[in-house]
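Commentary on secondary and tertiary structure
One-letter residues, chain by chain:
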Amino acid sequence: MESAPDGGGRDPITAAYWNGRFAVECHPRSDPEEARARGRAIFGRQVPDAAWGLLVGAPDDATVAVNAEPGSRPVLRVTVSHAWYDGPAIRYLARDDASRVGIVNAEFHLRPEWQRRGIGTRVLAHQVRAGHQVGVAYLVTAAAGGPGGSMNGYYTWALLGFDQRLPDDLVPRLPARLSDARFVLDLMEDAEGREWWRRNGRAYEGTFTLADGSRSLRVLRAYTVRQGITI
Amino acid sequence: MTKSGGSTQHAHKVQAPLIAPSIRSLLGADADVGPDESLALSADEERALAAVWDEEARSPESSATHVRNAKRAVPTKNGRA
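Residues numbered from 1 in each chain as written. Chains lettered and ligands numbered in written order. Predicted model: local features only at pLDDT ≥ 70, side-chain atom pairs only at ≥ 80, totals over all residues. Heavy atoms only, no water.

To continue, consider the confidence of the model for chain B. Residue and element names in this part refer to chain B. In the predicted model, chain B carries a mean pLDDT of 74, and 59% of its residues have values of at least 70. When mean pLDDT is taken per element in chain B, helix α2 (residues 43-58) scores highest with 96 and helix α3 (residues 63-72) scores lowest with 60. Across residues 1-12, confidence stays below pLDDT 50; counting only partners more than four residues off in sequence or on other chains, it has 35 contacts. Listed scores for the predicted complex are pTM 0.88 and ipTM 0.91. (pLDDT = per-residue confidence, 0-100. Helix = DSSP H or I, 4+ residues; strand = E, 2+ residues; numbered from the N terminus. Contact = heavy atoms within 4.5 Å.)

Following this line, the structure appears as structure tokens:
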């Protein structure tokens, strides 16, 4: 995503609705100090409360509630409520066994009247920028649905750069000229591959890698430029 | 594409993409995570993304380019350049 270099020059929708004017609070059933301690355990340092809103791409007027998940794993649950959202969006921040920080993008539905306005893309772009700045290694999402179903996350999240190894049973079925493909994003680089995944793909857990120069970042950046989205 | 083509004169080594651990391994075996359906793309948005991927496939960094280069490169007899 293109970031306006001096804070100006953002596109009108971004400038109107993404100004950090969200409220961060601790979930009523959670201890604020415990949540902050969990944040320190995940990031290895103190993280200001406002970071939780930035790491979920919260628009203005959102309420961002944070709570430490029960159990010993370093997991923080963040729920985001907003008038555009059909129920709260749920995200989890976690530290994996390789000491990398990941964000699980769980449930998130936009109300129908707010769909197809670039809001989901802007939420993702803000999340990606904030995550990149604080050392988050990746985002993961459950890309749902399949050919002919009512949900098409398996295709749209692939287009947006969420990757996964192709299922072993699908590899032998790839068209001959795509037989080298081993990852979902390999198929996205080719018109025939995209169509093949649309017709033969399935739900998967997609990874959006935040490492400098990653294919995920390149594609999101190019897409936001093309769409005139400048955050 | 990801196949490196073996030892060749000009083949780039394609680094495997980072794939995150499973959501259950990150959050615990009881994790019940619903889908993110925030991205309902219009037909125009889909076309724009397809164009982005077509550009990506032509870029020097793309894995498709790496594979094309690997296939063009001539393997040497002893596997060394």
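Picking up after the structure, the text goes on.
So, about helix α8 (residues 215-227) of chain A. Residue and element names in this part refer to chain A. Compared with an ideal rise of 1.5 Å per residue, which puts 13 residues at 18 Å, α8 spans 18 Å between its outermost C-alpha atoms and is within 8% of the ideal. If you check which residues of α8 are buried, you get R215, S216, L217, R218, V219, L220, Y223 and T224. Following α8 by one or two positions, G228 adopts a phi angle in the positive range, close to 75°. (Expected span 1.5 Å × (residues − 1). Buried < 20%, exposed > 50% of the residue type's maximum accessible area, 1.4 Å probe, protein only.)

Moving on to the side chain of D96(A). Positionally, D96(A) belongs in the loop between β4 (89-95) and β5 (101-105). The class for D96(A) is buried, based on a relative accessible area of 6%. One polar contact links D96(A) to Y138(A), side chain to side chain, over a distance of 2.7 Å. Filtering out sequence-adjacent residues up to four positions away, D96(A) remains in contact with Y138(A), P21(B) and L26(B). (Polar contact = N/O pair within 3.5 Å; in protein donor to acceptor, adjacent residues only side chain to side chain.)

Next up on the list: the nonpolar core. Ranked by internal contacts, the top residues of the largest apolar core, which has 66 residues, are F43(A), W52(A), V80(A), L93(A), L187(A), W197(A) and Y204(A). When sequence neighbours within four positions are dropped, the list of residues in contact with W52(A) reads V24(A), G39(A), F43(A), V47(A), V64(A), V66(A), L76(A), V78(A) and L93(A). (Core = buried A, V, L, I, M, F, W, Y, C linked by side-chain atoms within 4.5 Å.)

A word on unusual backbone geometry. Residue and element names in this part refer to chain A. A positive phi angle, close to 75°, is found at D61, a residue other than glycine. As for its position among the elements, D61 is in the loop between α3 (50-54) and β2 (63-68). Taking the relative accessible area as the measure of exposure, D61 reaches 65% and is therefore exposed. The backbone of R116 sits at a positive phi, close to 60°, despite the residue not being glycine. Residue position: R116 is located in the loop between β5 and α4 (119-134).

This brings us to the sheet that holds strand β3 (residues 75-81) of chain A. All names here are of chain A. With mixed pairing, 7 strands are arranged side by side in an open sheet as β1-β2-β3-β4-β5-β6-β7. Here the strands that pair on one side only, and so sit at the sheet edges, are β1 (23-26) and β7 (204-209). Adjacent strand axes in the sheet meet at a mean angle of 25° when their direction is disregarded. When β2 meets β3, the two strands line up antiparallel, connected through 6 bridges. Within β3, the residue paired with A65 across the bridge is T79. (Pairing = 2+ DSSP bridges. Axes fitted to C-alpha atoms, helices over the stretch in contact; angles between N-to-C directions.)

Residues and elements named next belong to chain A. The tally for this structure, following the rule as stated, stands at 21 salt bridges over all chains. Between R122 and D11 there is a salt bridge, with the nearest N and O atoms lying 3.0 Å from each other. Placement of R122 in helix α4 and of D11 in the segment before α1 (12-17) is noted, with a sequence separation of 111 residues between them. The shortest N-O distance in the salt bridge between D49 and R36 comes to 3.0 Å. Here the residue D49 occupies a position in the loop between α2 (32-43) and α3, and R36 occupies one in helix α2, the gap between them amounting to 13 residues. Taking relative accessible area as the criterion, D49 reaches 30% and is therefore assigned partly exposed. For R36, a relative accessible area of 29% corresponds to the partly exposed category. Several salt bridges converge on common partners, so that one network encompasses D163, D186, E189 and R215. (Salt bridge = Lys/Arg side-chain N within 4 Å of Asp/Glu carboxyl O.)

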